[in-house]
Amino acid sequence: MTPFVTQVLKELLARKIPISDYTFILPNKRAGAYLIHQLAQLNTRSIFAPKVLSIEDFAQEVSGIKSIDNLSALFEFYTVYEQNTPEEERENWETFASWGQTLLHDFNEIDRYLIDHRKFLENLSDIQVLNQRWNMTGEPTSLVRNYLNFWNKLWLYYERLSQRLKDRNMGYQGLVFRKAAKEIGNYVQDHPGHYVFLGFNALSPAEQQMVQFMLKSHVAEVFWDIDEVFLHDDQHDASYFLRGFKEKWPYYKEHPFQVVASDFGAEKNIQTIGVPKNIGQAKQVGEILAALDPQELRDTAVVLGDEQLLIPVLNSLPPQVKEVNVTMGYPLGSAPVSQLLEQLLTLHASEGETWYYKDIINFLQHPMVQKISGGDSRKLAEKIRRENLVYLSLETLLEETRNSLHPLIKLAFGNWEDKPSVALEKLRELIFYLKEGLNPDKDQLNLEFLYQHNLLLNKLATLLSDYPHVESVKSLMSVYRELLHVQKVSLSGKPFTGLQVMGLLESRVLDFKNVIVVSVNEGVLPAGKSAHSFIPMDLKRSYGLPSFKEKDAVYSYHFHHLLQRASNVHLLYNIEPGGLNAGEKSRFLLQLELERQPMHTIKHSLLAPEVPAVSRQLREVKKTPAIMQRLQDLAAKGFSPSALTTYIRNPLDFYKQYILGVREPEEMEETVAFNTLGTVVHDSLETFYKRWEGRELRQEDLQQAIKEAPEEVKRQFMASYTRDPLTQGKNLLIFEVAKRYVTNMLQLDLRELQQGQRIRILQVERKLRLELPIKELDFPVYIGGLVDRVDQYGEVMRIIDYKTGKVEQRQVEVVDWEELNTDYDQYSKPFQILAYASMILEETTHPAPVEAGIISFKNMKNGFLKFTKKDSKGRNARKETLIDETILEAYKEQLIQLIVEICDPETPFKEKEIPQKSW
């Protein structure tokens, strides 16, 4: 395989004209560097190198004006827009930037295609007017009039912008090429010589005009890189443009079309490989490269259809790949520090004196912040979560932060005054602060990212000083993102040795023996339709502007050119479904199969992993000596009623929580959780009723407590949830609910007193413990717990358990004792109530009747829900609400049976299948 550039150089070297007298013009600078390298390989003696230009550099040289980037052009456009638009019709920079870039793209197309701008833009304006009038009823509003005025003045904006840029000897790309097409005659007259155009495909009319004039003037020749298979196929998109040049250019009526290759039909091994997900493609690239020897790697290219795969591919390279050259560069926007700075700009773009905790935690958990803070940022994030600080001011942050973090916190969360100049200064200071905390030997890549960001901020500051249109941090953020989008970090490497990694456009003019193309999917190769234009399709067709058909043809040429001289080709595509075009392989792969050449060997494979069917099997854990020791420790401490009901619900959950000690991770409660609400209500009631422990309730006590309830609930929220005031959102509603629960409980007792009932508080939040004599076990067993309240209600002693959730009377009733240890949903609450009753009555001699039950704050209208033993499930069943020895003995029998099962070394912890609730 002889590369295209080598073929051309050999032909030119065979001529009498010294190679140094030629000027080579190529699609890009990478191709130019490759040409010089190949020329050096072909010469055994020293020679003067020829002049090599990219087509854009050549156009600038011909036109005499310098090309500017899109952002500078957008600023210039806004200056023109301000000067030629009445103030009442004018939009601010932020709104303008959202549509100005699209309009600049259309101006660029108009210039590259040498279209009469005045006529074209008047037609475009007429279309907009027709669209509005078609949908208009009645007189147009001021908004519609302003809109139509804008389109009517579009030609004026174009002319004033073009003139302003030309006066400053600069222009956007299309303007440079229009001027170059106009000046090409003067340039050729002033710069006679031998010009060679190499490897071009889709030339705009401006470029065509330059090339045709130079061909006509006999100062240039063009070498086209197209295979005869494509050129002679009138339907093939790969030769769509070159067929047109060959047929329509007057020069080729009398001169041959150079050079027609015949390499595509040669022997090729082509493998198409479907791989799930992008990361899977990157891993597959590594496996393909691992099978190549070092000599083959030197003539191998990895071409990325999706440039976001650069880092995954580099991380997947096998150890034998010693040298890598990345042509495309690493997008600065993908660097970790970019996300950090963009996050801060987003924060300061919104007004407010406090910061949302998620934004603060995202900042504190950024890898670079954690690295330079030595763990202090992680501790601060944990403290914010632990104390449920949802909104924090700068002062609060500084109070909660160690002194070592104060400079960083002030830079990140200080007042930026919504001024772009202040924001830029703060970001620069932050970059230098981060730089000081990094190790020069271990953090070279991060330091390079910081350096590139410093250059970007300097460029941004220069732009803002030249164009004072950006007046807020929000506007600055949009400009920053625009710059970040185009900024690349050059990755060092040897350009012409080792493995070559590049994007599709960087592969122009280059040839490789082994080619691996990644992301050969619809929507990537080709890129598909895009609507970044205000120009309707019919107007485009009328004036010959490119549509998606021409864009697809560009992709087709580049794709097939990669395969043209290659011998071994691997084409990888993503088969993972999800999203538009996801999982659909490119039409180019289907085309290869349908138009298969006789010498091509095409193999297809799918690397979808086999996922075996997973049968849902309930797990079980056998009891080891260590588990038995843990159970004995729990028994000595005392099994709590909640632990025992957890076992009833699911023994495996009991094992995880009480044997292993595995708990749910502590999460930030942005909204008050149910358990936190319960804690607040319980603790508030404990505060009040603890005062009256050991005596009878009085009406004045309860009335005073009702007045104090709001402040007490507030204090408990600060202790159990957050110190921040609960003044907004769901938390305010939950705060009001908590106050209502506490007040309702106090008012319930107050009504009882007002009706003549006597209530004496015996115990509040009393810790209980009871030893159970279990002959089956050779170690002591206790149960223990905390009872909410025990009182004397007239002649009856009541054992009360508070519940913030809703409880019905049927949920505290027992029919069959045998079901107490098996039916969690029905009997978990009676189980706990009777546990408290057993412990209290064991240590208290009380001749009066005893009742146990629940007060449900969501069911206050039913008051005290008494435990009830029913002899059957019917309506006429006999009910017993008093707790006597018979009930306690029946309960203890079931309790002991449960604990024996828990402590039996031969009974494993078996998982229960918990049915899903239907709503």
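The structure contained in this document is the topic of the report that follows. (Residues numbered from 1 in each chain as written. Predicted model: local features only at pLDDT ≥ 70, side-chain atom pairs only at ≥ 80, totals over all residues. Heavy atoms only, no water.)

Let's talk about a negative patch on the surface
On the surface, Asp816, Glu818, Asp884, Glu885, Glu889 and Glu893 cluster together to form a negatively charged patch. If you trace the backbone, Asp816 turns up in the loop between β24 (813–814) and α34 (824–843). For Asp816, a relative accessible area of 31% translates into the label partly exposed. (Patch = residues over 30% accessible without salt bridge, like charges linked within 9 Å, V, L, I, M, F, W, Y side chains within 5 Å. Areas by Shrake-Rupley, 256 points an atom, 1.4 Å probe, with all protein chains shown as cover. Salt bridge = Lys/Arg side-chain N within 4 Å of Asp/Glu carboxyl O. Lys, Arg positive; Asp, Glu negative; His and termini not counted. Charge placed at Lys NZ, Arg CZ, Asp CG, Glu CD. Helix = DSSP H or I, 4+ residues; strand = E, 2+ residues; numbered from the N terminus. Buried < 20%, exposed > 50% of the residue type's maximum accessible area, 1.4 Å probe, protein only.)

Let's talk about the pairing of strand β9 (residues 268–275)
Remark: a regular strand shows side chains that alternate across the two faces of the sheet. Extensive coverage of β9 is indicated by the burial of six of its eight residues. The sheet contact formed by β9 and strand β19 (residues 600–606) spans seven bridges and is parallel. By the bridge assignment for β19, Gln271 is matched with Lys603. (Pairing = 2+ DSSP bridges.)

Describing the pattern of salt bridges
A full pass over the atoms with the stated rule returns 45 salt bridges. Here Glu109 ties to Arg112 by a salt bridge, and the two come within 2.9 Å at their closest N and O atoms. Of this pair, Glu109 and Arg112 both sit in helix α5 (residues 93–112), separated by three residues, roughly a single helical turn. Pair check on accessibility: Glu109 and Arg112 agree, each one buried. Connected via shared salt-bridge partners are Asp225, Asp263, Asp511 and Arg565.

Re α34
The terminal C-alpha atoms of α34, which comprises 20 residues, lie 28 Å apart, in line with the 28 Å expected from a rise of 1.5 Å per residue. For α34, the capping residue at the N-terminal end is Asp823, with a side-chain oxygen 3.4 Å from the backbone nitrogen of Asp825. (Expected span 1.5 Å × (residues − 1). Polar contact = N/O pair within 3.5 Å; in protein donor to acceptor, adjacent residues only side chain to side chain.)

Description of the sheet that holds β19
Spatially, seven strands are ordered β11-β16-β10-β17-β18-β9-β19 in an open sheet, and the strand pairing comes out parallel. Only two strands of the sheet have a single partner each, and these edge strands are β11 (324–326) and β19. Here the strands of the sheet are splayed against their neighbours by 15° on average, with no regard to which way each runs. Where strand β10 (residues 300–304) lies against strand β17 (residues 514–518), five bridges are found, and the strand directions are parallel. When the bridges of β17 are listed, Thr300 appears paired with Asn514. Against the sheet, helix α26 (residues 548–564) touches β9, β10, β17 and β18 (568–574), its axis set at about 145° to β18. (Axes fitted to C-alpha atoms, helices over the stretch in contact; angles between N-to-C directions. Contact = heavy atoms within 4.5 Å.)

These results come straight from atomic positions and should not be treated as a statement about function.
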